[in-house]
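# Working through the structure, step by step
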Amino acid sequence: MPEIIATIGIAEWFRAGLLVSIGFIVAKLASRFFRSVTEKKLSTHHRLLGSMLIFYILFLIFFLSGLKQLGFSMSVLLGAAGVLSVAVGFASQTSASNLISGLFLIAEKPFEIGDVLKLDEYTGEVISIDLISIKLRTFDNVMIRVPNETLIKTTFTNLSRFPIRRVDLVIGIAYNEDIEQARQLLLKMASDHQRALEHPEPFCIVTQFNASSVDLQLSVWVLRTELKDAKSELLIASKNALDEAGIEIPYPHTSLYIGKHTQPLPIVMVNDNVQSDVITQEPDK
């Protein structure tokens with residue numbers, strides 16, 4: 001090999017460098033052309049991966065042609081590349097696993113660039129999809145790198161897969177309030193809201209009898225892009241509607257009764273001289 005390098009003239013180096021430079025420019029132009037042609041035909045995910053593949057293949061062809069101009073034998077280079085690939089394969093099993101997982105993700109296409117994913121404790125927008133990993137940008141502007149193998153093995157949620165989302169609000173009313181009146185009031189408020197969709201229509205159900213309230217669930221379908229604003233506006237509108245109707249949204253409290261629903265347990269102070277408060281029950285009259 002040193003003898004070959006020593007016999008290489010300036011012309012051969014010039015031709016090799018020119019081939020590599022032309023190859024880089026051609027590969028760049030071809031990848032950009034691929035992205036522009038497939039802009040409306042393929043997703044951002046597939047356009048990005050396709051352009052990367054085209055760039056590396058074309059550049060590799062010109063790079064090998066440049067080495068041939070310098071007098072290197074292709075059979076020797078291919079043999080060395082084979083040995084090197086086996087060694088690298090043993091040394092980078094994790095990267096190979098991520099690469100294979102990336103191919104499965106490309107075929108399955110569970111998300112695209114711009115989608116919002118929820119993975120364990122992280123939630124963020126997909127800003128990059130590579131063969132080894134993806135990158136998320138959280139809503140507080142932090143980048144999270146997730147290996148493709150992790151995405152294959154764990155469960156994640158695509159929050160922006162579908163164009164509409166359902167807003168679920170849990171609203172508690174006092175036990176002495178009319179449940180049906182509260183339901184109809186909340187349904188009317190939701191139906192009149194500007195962000196609520198007519199189909200599917202809103203619904204309101206009783207979910208449970210809580211310690212201090214009867215809990216109602218108001219569910220409204222909205223556009224995915226309006227989810228955050230819709231949830232806040234619906235909560236405010238629900239409270240205003242219940243306040244105007246005189247329907248109580250109770251604070252958490254505990255009531256004690258002595259057998260009659262309407263009479264609370266009476267208490268009296270037994271001894272004013274005792275520093276600690278002693279509370280006892282009045283005898284039944």
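Residues numbered from 1 in each chain as written. Predicted model: local features only at pLDDT ≥ 70, side-chain atom pairs only at ≥ 80, totals over all residues. Heavy atoms only, no water.

## As for the nonpolar core
Counting residues in each nonpolar core, the largest one holds 21 residues, and the members touching the most others are Ile173, Leu186, Leu218, Val220 and Leu242. Of all the secondary-structure elements, those providing two or more residues to this core are strand S6 (164-173), helix H7 (179-192), strand S8 (214-223) and helix H8 (227-244). Not counting chain neighbours up to four residues away, the residues in contact with leucine 218 comprise Val167, Asp168, Leu169, Leu186, Leu187, Met189, Ala190, Phe203, Cys204 and Ser238. Residues Leu119, Ile134, Leu136 and Phe156 belong to the second largest nonpolar core, which totals twelve residues. (Core = buried A, V, L, I, M, F, W, Y, C linked by side-chain atoms within 4.5 Å. Buried < 20%, exposed > 50% of the residue type's maximum accessible area, 1.4 Å probe, protein only. Helix = DSSP H or I, 4+ residues; strand = E, 2+ residues; numbered from the N terminus. Contact = heavy atoms within 4.5 Å.)

## Comments concerning the sheet that holds strand S7 (residues 203-209)
Reading across the sheet, the three strands line up as S6-S8-S7 and stay open at both edges, with antiparallel pairing between neighbours. Edge positions in the sheet fall to S6 and S7, since each has one partner strand and no second. For this sheet the average axis-to-axis angle between neighbouring strands, irrespective of direction, equals 25°. Helix-sheet contacts for H7 involve S6, S7 and S8, and the interaxial angle to S8 is about 15°. Contacting S6 and S8, H8 crosses the sheet at an angle of about 30° to S6. (Pairing = 2+ DSSP bridges. Axes fitted to C-alpha atoms, helices over the stretch in contact; angles between N-to-C directions.)

## Things to note about unusual backbone geometry
Each neighbour pair has its own omega, and for histidine 199 with proline 200 the value is -5°, a cis peptide bond. Note on placement: proline 200 falls in the loop between H7 and S7. Phi angles above zero are rare outside glycine, and lysine 109 is one such case at about 55°. Tracing the chain through its elements places lysine 109 in the loop between helix H5 (93-108) and strand S1 (116-119). Positive phi values are uncommon outside glycine, yet aspartate 120 reaches one of about 55°. Its relative accessible area of 58% is what places aspartate 120 among the exposed residues.

## Some remarks on the sheet that holds strand S3 (residues 133-138)
Strand order in the open sheet formed by five strands is S4-S3-S2-S1-S5, and the pairing between neighbours is antiparallel. Here the strands that pair on one side only, and so sit at the sheet edges, are strand S4 (143-147) and strand S5 (157-158). Judged from the two bridges that link them, S1 and S5 form a sheet pairing that is antiparallel. In the strand pairing of S5, leucine 117 is matched with asparagine 158.

## Description of the pairing of S8
For S8, the tally of buried residues reaches eight of ten residues, placing the bulk of the element in the interior. Summarising the sheet, S6 and S8 pair through ten bridges and their orientation is antiparallel. Following the sheet pairing, isoleucine 171 is matched in S8 by leucine 216. In this structure, S7 lies alongside S8, joined through six bridges in antiparallel fashion. When the sheet's bridge partners are listed, valine 206 is paired in S8 with leucine 216. As consecutive antiparallel partners, S7 and S8 are separated by four residues.

## Describing the pairing of S3
The pairing of strand S2 (residues 122-129) with S3 spans five bridges and is classified as antiparallel. Across the sheet, residue isoleucine 129 finds its bridge partner in S3, namely isoleucine 134. The loop that links S2 with its antiparallel partner S3 comprises three residues. Direction of pairing for S3 relative to S4: antiparallel, over a ladder of five bridges. Bridge pairing in S4 places leucine 136 opposite isoleucine 144.

Just geometry here; none of it tells us what the structure is for.
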